[in-house]
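# Report on the structure
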Amino acid sequence: YTSFDAPLYISSFGRRKTWMVPTQVLIGVVMMCSSMRLNSLLYGEQPAILPLMLLFLLMNFLCATQDIAVDGWALTMLRKENSSYQATCNAAGQTFGFTLGWTGVTLLQQLQLLNVSGFMFFTGIIFISVTLVVAVLKPEMQLRKEDQPKGVTESYRSIFSMLKLKPIRTLIAVLFTWKLGFAVVDSVAPLKFQEYGVPKESLTYMGSLLMPLEIMLPLFASHWTAGPMPFNLALWMYPFKVAIVPITAVLAHGTPSMHPFPWGFWISMMAVAVIGSVTTEWMFVSQIAFFARVSDPSIGGTYMSFLNTMANLGQKLPPTATFFLVDHLTCREDSCFLKADGFYVMTCACTIIGVVWYVLAVRPIQHMQAQDVEEWKIIRSKKVK
């Protein structure tokens, strides 16, 4: 889909704005309209599965279209002297949006200040307002003749040409495997704490306390991601991220009663959460900075969206597999030959995988980073061919 919309645009309005402005306005309209029927869709006699599925499909389609345009524009929006802050802006914006849309709305709902329907309506208004401001006040730089996108067929050929590049294949292998080592913490651990009696609201409040830190962390990371080896920051954070896995399992196993308030437990939880936030955010910033460094500006939207798609698949597949394995490795019946909790089995497995991955992957990643930017370009690959 990225290759379909990249060559089609209104030059007088802007290559990226042609797609970004209408899709973001439509997102706002859909959010405002759906907020008026949200309660009936969710809390009727039976959940409206088909309408909800169609709504999510439409929203994901619009968001994907908007994401392609923003990814491409981000590569050229800032002046050359400020280009090193592209990843910082990207990560800070995504972190703020995710935090506001998840932790923020949950907190507002718990405090009875705003419900989900009201939050969706309000967010839709903000979406439309910000989009109109950008459309009017932010001009888009005109493309040079040599950077003009080719036709749809040529754009799809570019994706296949990308897959022929050795650095791209190495990067895909990294993105599909590097989060295996801590998938159990990112997916199952919160549910395990709730199973042991930790209120969901308490976990939400803890996330709310971390919100300012998570928004500021990308700004602090720019010092390390602005250079020629931005992925080094992710490699430095990786051992700490893996170390959290067994520590989290120990905390879960030792979860005390919540009455009276267990200060020691929550201080430990907060310390682990802070380390987790720092490592997660800085690995994300490092990843985005590396994508921005190697992406070919001539097909920036297609290139960045392809890399982000690979990263998203690498992020979603390990938790899915972990849920499946935790369920099948759990055996608590008297008939079991060996009673076991799949969460702790997967904790051991993920920790070992994380350590082995780090030992084996550091050198190939360093070699990948050392590749000249020209080695990542489609045109060069065609010339070599």
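Here is what the cut-offs are and how they apply
- Residues numbered from 1 in each chain as written.
- Predicted model: local features only at pLDDT ≥ 70, side-chain atom pairs only at ≥ 80, totals over all residues.
- Heavy atoms only, no water.
- Phe/Tyr/Trp six-rings, centres within 6.5 Å; stacked < 30°, edge-to-face > 60°.
- Buried < 20%, exposed > 50% of the residue type's maximum accessible area, 1.4 Å probe, protein only.
- Lys NZ or Arg CZ within 6 Å of the ring centre and 35° of its normal.
- Core = buried A, V, L, I, M, F, W, Y, C linked by side-chain atoms within 4.5 Å.
- Helix = DSSP H or I, 4+ residues; strand = E, 2+ residues; numbered from the N terminus.
- Contact = heavy atoms within 4.5 Å.
- Expected span 1.5 Å × (residues − 1).
- Arc of directions from axis to C-beta.
- pLDDT = per-residue confidence, 0-100.
- Disulfide = S-S within 2.5 Å.
- Salt bridge = Lys/Arg side-chain N within 4 Å of Asp/Glu carboxyl O.
- Patch = residues over 30% accessible without salt bridge, like charges linked within 9 Å, V, L, I, M, F, W, Y side chains within 5 Å.
- Areas by Shrake-Rupley, 256 points an atom, 1.4 Å probe, with all protein chains shown as cover.

## What to know about the packing of aromatic side chains
- Under the counting rule described, the total for this entry stands at 12 aromatic pairs.
- On the numbers, 4.7 Å between centres and 70° between planes, the contact of phenylalanine 261 with tryptophan 263 is edge-to-face.
- Considering the side-chain rings of phenylalanine 261 and tryptophan 266, the 6.4 Å spacing of their centres and the 10° angle between planes classify their relative orientation as stacked.
- Note on phenylalanine 261: relative accessible area 45%, which makes it partly exposed.
- What makes tryptophan 266 buried here is its relative accessible area of 12%.
- Sitting over the face of the ring of phenylalanine 182, lysine 241 holds its NZ or CZ atom 5.3 Å from the ring centroid.

## Let's talk about the nonpolar core
- Ile168 and Trp178 are the most contacted members of the largest nonpolar core, which has 63 residues in total.
- Top element by residues in this core is helix H13 (residues 263-294). It accounts for 12 residues.
- Those residues in contact with isoleucine 168 that lie beyond four places of it in its chain are Met162, Leu163, Tyr303, Phe306, Leu307 and Trp376.

## Concerning helix H6 (residues 116-137)
- Helix length check: H6, at 22 residues, gives a terminal C-alpha distance of 31 Å against a target of 32 Å (1.5 Å per residue), a fit within 8%.
- Every buried residue of H6 is listed here: Ser117, Phe119, Met120, Thr123, Gly124, Ile128, Thr131 and Ala135. Along the axis of H6, the buried residues cluster in a sector spanning 165°; they form a single face. Seen from the open side of H6, the exposed residues pointing more than 90 degrees away from its buried face are Val136 and Leu137.
- Where H6 is buried, its residues touch helix H2 (17-35), helix H3 (38-43) and helix H5 (86-110).

## A word on the confidence of the model for the protein
- Looking at the protein, the pLDDT average stands at 84 and 89% of residues meet or exceed 70.
- In this model residues 381-385 is a low-confidence stretch, pLDDT under 50, and it forms five contacts with partners more than four residues away in sequence or in other chains.

## Section: the state of the cysteines
- Within the structure shown, the criterion is met by zero disulfides.
- The thiol sulfur of cysteine 350 is not disulfide-bonded, and the nearest other cysteine sulfur, from cysteine 348, lies at 9.6 Å.

## What to know about the pattern of salt bridges
- Applying the stated criterion across every chain, the model contains four salt bridges.
- Residues aspartate 341 and lysine 192 are paired through a salt bridge, measuring 2.9 Å at the closest nitrogen-oxygen approach. Here aspartate 341 is found in the loop between helix H14 (300-329) and helix H15 (342-370), whereas its partner lysine 192 is found in helix H10 (residues 189-195), with 149 residues between them in sequence.
- Overall, aspartate 341 belongs to the buried group, its relative accessible area being 14%.
- Ionic pairing is found between glutamate 374 and lysine 377, a salt bridge with its closest N-O pair at 3.3 Å.
- According to the relative accessible area criterion, glutamate 374 is partly exposed, its value standing at 36%.
- Among the charged side chains, a network of salt bridges with common partners joins Lys192, Glu195 and Asp341.

## Some thoughts on a nonpolar patch on the surface
- A cluster of nonpolar side chains, Ile352, Val355, Val356, Val359 and Leu360, forms an exposed patch at the surface whose accessible area comes to about 500 Å².
- One can find leucine 360 in helix H15.
- Residue leucine 360 is classed as exposed on the basis of its relative accessible area, which comes to 62%.

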